[in-house]
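The lines below spell out each chain.
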Amino acid sequence: MHNKLINLAKKSNIDLEINESKTESVDIGVLNKQEKHYQVTKVKSYLIKAIKDNKCVKLEVESLKNPEKIISNIKTILDIQDNDNKNYLSKGNISKLNKDKDVTNYNKVSKDLRNLYELKDKYPNLANLELEYEYANNSITIKNASSNLKSSDYYHVFAAGVSVNYKEKSKVSYITYFAKNYDFNGFKEEIITSLEGLKYKLNSTSLKTDRYNIIIKNNIVADILAAFVSMFYTKNIMQNESILVDKFNKKVFSDKISIVEEPFSESAIYRKYFDTEGTKTTTKKIIDNGVFIKKLNNIEYAIKSNESETGNASGVFNMHIVSGNNTYDELIKELDNGIIIDEAMGLHSGIDVKSGNISIPVSGYLVENGVITKGVDMIVLSTNIFELLSNVISVGNDMSHSRIDVLSPSLLLSNIALAGGEQDE
Amino acid sequence: MKRERIETILNELVTTGADFAEVFLESNSTKVFNYIDKKLDVLTINESNGLGLRIALDNQEYYGATNDFSSKGIKDVISNLTKNIDSEVKYKNIKLNRLKKYINDTNTHYTDADIKAKLASIDAKIWPKDKRISQVNIRFASTLQDVTIANQTGLYKYENRIRSRIFIIINFKDDDKLANIYYSKGLSSSADILDSINYDEVIDELVKEGLDKLYAKPCPGGVMPVVIGPGFGGVIFHEACGHAMEATSVADGMSVLAHDLNKKVASEIVNIVDDGTLDREWGSTKIDDEGCETKRNILIKDGLLVGYLVDEINTKKMNMSVTGSGRRESYLFAPTSRMNNTYLLPGNDSFEDMIKSIKLGLYAKRLGGGQVSPETGEFNFGCDLAYMIRDGKIAECVKSASLIGTTKEILQNVEMISNDLALGPGMCGSTSGSVPVNVGEPTIKVSSILVGGEQSAQ
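Residues numbered from 1 in each chain as written. Chains lettered and ligands numbered in written order. Predicted model: local features only at pLDDT ≥ 70, side-chain atom pairs only at ≥ 80, totals over all residues. Heavy atoms only, no water.

Draft legend 1. Just the overall build of chain A, in detail. Per the secondary structure count, chain A includes ten helices and 18 strands. Here the C-alpha atoms of chain A give a radius of gyration of 24 Å, agreeing with the 22 Å that 2.2 N^0.38 yields for 425 residues. The C-alpha extent of chain A, read off along each of the three principal axes, is 75 × 55 × 35 Å. By the burial criterion, 59% of the 425 residues in chain A qualify as buried. Partitioning the contacts of chain A with sequence separation of at least 6, the portion at a separation of at least 24 is 72%. Accessible surface, chain A: about 17700 Å² in total, of which carbon and sulfur atoms supply 45%. Placing the 54 positive and 56 negative side-chain charges of chain A at their respective mean positions leaves the two points 6 Å apart. (Helix = DSSP H or I, 4+ residues; strand = E, 2+ residues; numbered from the N terminus. Rg over C-alpha atoms; globule rule 2.2 N^0.38 Å. Buried < 20%, exposed > 50% of the residue type's maximum accessible area, 1.4 Å probe, protein only. Contact = heavy atoms within 4.5 Å. Areas by Shrake-Rupley, 256 points an atom, 1.4 Å probe, with all protein chains shown as cover. Lys, Arg positive; Asp, Glu negative; His and termini not counted. Charge placed at Lys NZ, Arg CZ, Asp CG, Glu CD.)

Draft legend 2. Expanded view of the overall build of chain B. Along chain B, the regular secondary structure elements total nine helices and 24 strands. A compact globule built from 458 residues would reach a C-alpha radius of gyration of about 23 Å, and chain B, at 24 Å, matches this within 12%. Principal axes of the C-alpha set define a box for chain B whose edges measure 75 × 55 × 35 Å. A total of 458 residues make up chain B; the buried ones form 61% of that total. Nonlocal contacts in chain B, meaning residues at least 24 apart in sequence, comprise 74% of its contacts between residues at least 6 apart. Element-wise, carbon and sulfur atoms account for 48% of the exposed surface of chain B, whose accessible area totals about 17000 Å². Averaged over its 54 positive side-chain charges, chain B has a centre that lies 2 Å from the centre of its 63 negative ones.

Draft legend 3. Geometry of the pattern of salt bridges. Residues and elements named next belong to chain B. Under the criterion given, the structure shown has 49 salt bridges over all chains. Note that Asp-212 and Lys-208 form a salt bridge whose closest N and O atoms lie 2.9 Å from each other. Here Asp-212 and its partner Lys-208 are both found in helix α4 (residues 199-214), four residues apart, which amounts to about one turn of the helix. Taken together, the shared-partner salt bridges connect Glu-205, Glu-209, Lys-213, Lys-365, Arg-366 and Asp-384 into one network. (Salt bridge = Lys/Arg side-chain N within 4 Å of Asp/Glu carboxyl O.)

Draft legend 4. The arrangement of helix α1 (residues 2-11) of chain A in detail. Residue and element names in this part refer to chain A. For α1, the full list of buried residues reads Leu-5, Ile-6 and Ala-9. An end-on view of α1 places all buried positions within 95° of arc, on one side of the element. Projecting away from the buried face of α1 at angles above 90 degrees are the exposed residues Asn-3, Lys-4, Lys-10 and Lys-11. Contacts from the buried residues of α1 go to β1 (15-31), β2 (34-52) and α2 (67-80). Downstream of α1 by one or two residues, Asn-13 has phi in the positive range, about 60°. (Arc of directions from axis to C-beta.)

Draft legend 5. Representation of the pairing of strand β13 (residues 338-344) of chain A. Residues and elements named next belong to chain A. Burial analysis of β13 places six of its seven residues in the buried class, the great majority of the element. As defined by bridge partners, strand β8 (residues 210-216) adjoins β13 across three bridges and the pair is classed as parallel. Bridge pairing in β13 places Ile-215 opposite Ile-340. Where β13 and strand β14 (residues 357-368) come together, six bridges link them in antiparallel fashion. Looking across to β14, one finds that Gly-338 is bridged to Val-367. (Pairing = 2+ DSSP bridges.)

Draft legend 6. Spotlight on the packing of aromatic side chains. All names here are of chain A. For the structure on display, the rule yields 21 aromatic pairs over all chains. With centroids separated by 6.2 Å and ring planes inclined at 35°, the aromatic side chains of Tyr-135 and Tyr-154 adopt a geometry described as tilted. Here Tyr-135 is found in strand β5 (residues 126-144), whereas its partner Tyr-154 is found in strand β6 (residues 147-166), with 19 residues between them in sequence. With respect to class, Tyr-135 is no different from Tyr-154; both count as buried. Taken together, the ring pairs in this structure connect Tyr-133, Phe-158, Tyr-177, Tyr-182, Phe-184 and Phe-187 into an aromatic cluster. The residue whose ring lies beneath Lys-180 is Tyr-154, and the NZ or CZ to ring-centre distance is 4.1 Å. The positively charged end of Lys-304 is found above the aromatic ring belonging to Tyr-301, 4.8 Å away from the centroid. (Phe/Tyr/Trp six-rings, centres within 6.5 Å; stacked < 30°, edge-to-face > 60°. Lys NZ or Arg CZ within 6 Å of the ring centre and 35° of its normal.)

Draft legend 7. Geometry of the domain arrangement of chain B. Residue and element names in this part refer to chain B. Domain assignment breaks chain B into domain 1 (3-214) and domain 2 (217-456). Domain 1 and domain 2 are separated by 23 Å when their C-alpha centres are compared. Counting residues at the interface gives 47 residues for domain 1 and 36 residues for domain 2. Approximately 3400 Å² of surface area, both sides summed, lies buried where domain 1 meets domain 2, with 51% of it carried by carbon and sulfur atoms. It is Arg-163, Arg-165 and Tyr-182 that lose the most area in domain 1 upon contact with domain 2, and together they represent 16% of the buried surface on that side. Across the domain 1-domain 2 interface, the total number found is nine salt bridges. (Domains from an automatic or database assignment. Buried area = accessible area lost by both parts, 1.4 Å probe.)

Draft legend 8. How the structure looks around the nonpolar core. A:Leu113, A:Leu116, A:Leu131, A:Val162, A:Phe187, A:Ile191 and B:Leu53 are the most contacted members of the largest nonpolar core, which has 53 residues in total. In contact with A:Leu116, other than residues within four places in its own chain, are A:Leu129, A:Leu131, A:Phe184, A:Phe187, A:Lys188 and A:Ile191. One finds A:Ile18, B:Phe172, B:Ile193 and B:Leu194 within the second-largest nonpolar core, a separate group that totals 52 residues. (Core = buried A, V, L, I, M, F, W, Y, C linked by side-chain atoms within 4.5 Å.)

Draft legend 9. Spotlight on the sheet that holds strand β11 (residues 296-301) of chain B. All names here are of chain B. The six strands are arranged β12-β11-β10-β15-β22-β21 in an open sheet whose pairing can be described as mixed. Edge positions in the open sheet fall to β12 (304-305) and β21 (422-430), since each of these has one partner strand only. Along the sheet, helix α5 (residues 235-242) contacts β10 (272-275), β11, β15 (341-344), β21 and β22 (433-441); its crossing angle with β22, the most-contacted strand, is approximately 115°. (Axes fitted to C-alpha atoms, helices over the stretch in contact; angles between N-to-C directions.)

Draft legend 10. Inspection of the side chain of B:Asn34 at higher detail. As for its placement among the helices and strands, B:Asn34 is situated in strand β1 (residues 20-36). Residues in contact with B:Asn34, not counting those within four places in the same chain, are B:Lys39, B:Leu40, B:Asp41, B:Val42, B:Asn137, B:Ile138 and B:Arg139.

Draft legend 11. Quick look at the packing of helix α1 (residues 3-14) of chain B against helix α2 (residues 71-82) of chain B. All names here are of chain B. One way to put it is that α1 packs onto α2 with a least axis distance of 11 Å and a crossing angle of 25°. Classed by the angle they form, the pair α1 and α2 counts as roughly parallel. In this structure, α1 meets α2 at a crossing whose hand is right-handed. Contact with α1, carried on its side by Arg-5, Ile-9, Glu-12 and Leu-13, involves Ser-71, Ile-74, Lys-75 and Ile-78 of α2 and no other residues of that element. Tallied by class, the residues present in the contact of α1 with α2 amount to four nonpolar, one polar and three charged. (Parallel < 35°, antiparallel > 145°, perpendicular 65-115°, else oblique. Left-handed = near helix turned anticlockwise from the far one by under 90°. Nonpolar A, V, L, I, M, F, W, Y, C, P; charged D, E, K, R; others polar.)

Draft legend 12. Representation of the packing of helix α3 (residues 112-126) of chain B against α4(B). All names here are of chain B. Running from amino to carboxyl end, α3 crosses α4 at an angle of 45°, the nearest separation of the two axes being 10 Å. As far as their axial angle goes, α4 and α3 are oblique. Along this stretch, α3 crosses α4, giving a crossing that reads as right-handed. Listed contacts from α4 to Lys-118, Ile-122, Lys-125 and Ile-126 of α3 are Tyr-199, Asp-200 and Ile-203. For the contact of α3 with α4, the residue count by class is four nonpolar, no polar and three charged.

Given below as structure tokens:
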């Protein structure tokens, strides 16, 4: 069917390549001691790139059974789209098939998850443990006359909603934990850490609106940075949609901040060897000691900006703030007096990527004399991405596990605004 | 897929002894026009076509999703599901009812070229309005979704759905100051939606508001009274109580409102409805994604919680009837109870009286999206456009205002409700994926909410 579509396209002088992606996943959900759901997913999808007369069209379909319709849609788009978006088909040969040597035993997974509720013996305030596990395997093939690209990789991901009750109060903490292997013990440790923290959070109070020294936990920094990834893209800079317009080769963050992307590093949980256009992914430094030194692009915008391709047509993988030297506990001691933020909500609505403004509800702990003394909640982090990554005192060495596209260590920051409900006396 | 094949699949699913078995077939075609830099930058046409198989047995749900329609592909999914069910093999002979079709009008007088010309004309109106406009982005998307649903009771239904939505986004820049503002309209309608907008009025308001945002001051933080504008301001109820009234969290006791049926949870002037039957509205469908006809569900009446949103699987747990609220993003997801068009009913207070009544507070003219933890009732939403209220008058525009609270507090603190009810389209994310919803309200005054800001309120 691939060849039928490619040959049909040739008759209309259209060069065409097909990116075939196969995803298989198993998902298990458990609430307390009971398995709630089990889902198996097997899907195949195709990203078709068609080029004619210096114009390029991309379509996503799930079936190639109607090639005439696909060609008709391509022609419709070619006729109407204004963009002179020169492009070319992929080249070269890559074969990187990462296969999971272990076969996941889903009965064991379900049992492991259900047994976690036994933590209630040690943590009697534990009310509910809502757990999810997913194993996903993705393989991609791109073929045309000049290329033969194949890759596959997999990951395990655990998620939890941990809720505790005490008298009339309840608190919930959320965890997402990605791993290359079935790291159930790593996930269990995260839940135990969460339960220890929730003891303080049951006695949370708000704060006075003011500026504080704060630690933002690794997973929250990763989520915030992920929301702003589009600012690094050549396309958004050229279209005046990025806050980094006119800031290339300029200092934009603290010199303690360097950001790199290592899509196929051995340490990456999920590896990407080429993007959806077949361009090889590359290891790159994007921010070097606070200076913006590398824009991200796809083929279209590499050509438009006369820059080399970076292989980021399908986003970023294993992009992270470079680790510092301090453990999380050392950051707390260094903070001495301030606030730790370890939960955040509403990033999709509280982050404005076009202005850089951040206004999100958060919660965490009060630190006094280097020790956590109680929980804080009903507070809002009010800042801007430039301020957030400029007011850096120290960078931790505790890389997050909550995402596979963007990762981060915890950061110790100075003088960041937090709004709270406590009034001035 | 032919009826006989669906029957064969259902019969295989029920050999597990399942008390519920369902086949969901979906085909979807989405066209997106992206107009930026004064040209049609990208037109995409994406299509998907897949199958979801669901079994429920003893409060447990098994789901398989695939777009491989071959016999082997479907057999593979069924075998993967059923191998996990350890119960006596039972045979039934399911015969489906006559296919009941629910048809929506998908006709439009717009060709693709007409749509492009329309976006170009809107774009051309905007640029000359102010030199500080740095970018204009207009996006128009139209989706055709065909669903066929069959289950072990013999239910066999089909609906063709169409939705269209336009976004107009304007960026402003003055030296290092940046701001953006947007307008959005979405309906369960064809591209004819483009004829229903007064673009001159919309654009003039967007430019005025965008320039206000460009020079907005940092929002002061603290607890204060807040007036929330109509339409998308209704996200406050979507987040504050809507999710907490979905069986998804109520059935397992994971909602802050799980034990409050027939109890007073809100101020007496609060009446909230979720209605999936509103003609052509963004969140409406004729049947839900379990094949149940959608309904107008009264959730809160005169401050009392009188209903929940209930899907097929949770009816047994909750001993309540289905409410036509079973929804899913696509065949990739099992459905669960979700909102459709959720709104606060109008009152009689005036906007002017609300403003006059406040010495120091916030006028949240437009809200952004939000998020909730149904178990604790803690929620938040961002303000897209807000002004301080000082001494009974609307004052300076402020930026980065964020409102947070808890479900029960906010419902009790609704003090005044106007009569200018409007609905606003959005996308809601939950365990069954992202679904189109409307939120809505008239202008309201809430006596106190925590407002996120950069300095103490003064």
